[in-house]
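A look at the structure
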Amino acid sequence: MQNPKTNTAELQAQKGVLFLRYFLGITLVLSLTGCGYVIEGSNPVLPNEAQTLAILPIQNQTFKAGLETDLSEQLNRLMRTNSSVKMVHSGIADLQLRITLLNLKTNSSGLSKEQLATGVKAIIQGQAILEDSRTGNNVWEETMLEVKLNESGENETNTVSNFSLSGSIRELIKRFATKIYDRIFTAF
């Protein structure tokens, strides 16, 4: 049979070790976040060791006004969530992102019978070029980016800079922005 005083001492020692581990863990996390360290994967860095990015005015060649404004807002929102990206104007940016919206097809215009039969509600197509302004070379170029919306679109509308966009088109633009954001950090 074990001595009750020994069990109590062992429990006290185990509690002390647990407290010390907890304290050191908290201290480590606070010191890393205090010095600006970012856990890898949470805030990917720009390609080519770039520090700054400019999103040039988005060109809209579709017949739907306001898409470029909403896309710009969505991209800026995504970039602001990444602390490793500094957004600046094009004159001083290391990288410049140029986007052109080429085509918008919805269930009321442009979708084929096959696309409608498979549940496609909307498609947006565009091109994007990420240029390193320090070298003049393209980091990546996508001549045909395409995003499809397959789920049921909502009839709600949201106002974006005096233009009314349906909820499904806003969702499509949001997905397009996410695709571009992902390509900036994974395609190079």
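Just above, that's the structure.
To keep things clear, this report deals only with the structure shown in the data block. Keep in mind it's a predicted model, so treat the numbers as computed, not measured.

So, on to the overall build of the protein chain. When helices and strands are tallied, the protein chain shows 4 helices and 8 strands. Order of helices (α) and strands (β) in the protein chain, N terminus to C terminus: α-β-β-α-β-β-α-β-β-β-β-α. Buried positions account for 34% of the 188 residues belonging to the protein chain. Pairs at least 24 apart in sequence give 70% of the contacts found in the protein chain among residues at least 6 apart. Of the accessible surface of the protein chain, which amounts to about 11800 Å², a share of 53% is contributed by carbon and sulfur atoms.

Right, let's talk about the pairing of strand β1 (residues 52-55) for a bit. A two-sided burial pattern is seen for β1, the buried positions comprising T52 and A54 on one face and L53 and I55 on the other. Of the strand pairs in this sheet, β1 and strand β3 (residues 86-87) are connected by 2 bridges, and their pairing is parallel. Looking across to β3, one finds that T52 is bridged to K86. Taken together, the 3 bridges between β1 and strand β4 (residues 95-106) define a ladder with parallel strand orientation. Within the sheet, the bridge partner assigned to A54 lies in β4 and is Q96.

Here N48, not a glycine, exhibits a phi torsion of approximately 55°, which is positive. Tracing the backbone shows N48 in the loop between α1 (4-34) and β1. The phi torsion at E49 lies on the positive side, around 55°, for a residue other than glycine. Residue placement: E49 occurs in the loop between α1 and β1.

Here we come to helix α4 (residues 167-186). In this model, α4 (20 residues) spans 28 Å end to end at C-alpha, consistent with the 28 Å of a helix rising 1.5 Å per residue. For α4, the full list of buried residues reads G167, S168, I169, R170, L172, I173, F176, A177, I180, Y181, I184 and F185.

Pairing analysis gives 2 bridges linking strand β2 (residues 59-60) to β4, with the strands arranged parallel. Among the inter-strand pairings, Q59 is bridged to a residue of β4, identified as T100. The pairing of β4 with strand β5 (residues 122-132) spans 10 bridges and is antiparallel. If you follow T100 over to β5, its bridge partner there is Q127.

As a further point, take the environment of Q61. With respect to the element layout, Q61 can be found in the loop between β2 and α2 (67-80). The exposure class assigned to Q61 is exposed, which follows from its relative accessible area of 51%. Discounting chain neighbours no more than four positions away, the residues touching Q61 are T100, L101 and L102.

Moving on, we come to the packing of α2 against α4. To describe two helices that pack against each other, one gives the angle between their axes and the distance between the axes. Where α2 meets α4, the closest approach of the two axes is 9 Å, and the angle between their N-to-C directions is 50°. As summarised for this structure, α2 and α4 are arranged oblique, according to the angle between their axes. Crossing angle aside, the handedness with which α2 passes α4 is right-handed. Of the residues in α4, those in contact with L67, D70, L71, Q74, L75, L78 and M79 of α2 are I169, R170, I173, K174, F176, A177, T178, I180, Y181 and I184. Here the contact of α2 with α4 is composed, by residue class, of 12 nonpolar, 2 polar and 3 charged.

About the cut-offs
Residues numbered from 1 in each chain as written. Predicted model: local features only at pLDDT ≥ 70, side-chain atom pairs only at ≥ 80, totals over all residues. Heavy atoms only, no water. Helix = DSSP H or I, 4+ residues; strand = E, 2+ residues; numbered from the N terminus. Buried < 20%, exposed > 50% of the residue type's maximum accessible area, 1.4 Å probe, protein only. Contact = heavy atoms within 4.5 Å. Areas by Shrake-Rupley, 256 points an atom, 1.4 Å probe, with all protein chains shown as cover. Pairing = 2+ DSSP bridges. Expected span 1.5 Å × (residues − 1). Axes fitted to C-alpha atoms, helices over the stretch in contact; angles between N-to-C directions. Parallel < 35°, antiparallel > 145°, perpendicular 65-115°, else oblique. Left-handed = near helix turned anticlockwise from the far one by under 90°. Nonpolar A, V, L, I, M, F, W, Y, C, P; charged D, E, K, R; others polar.

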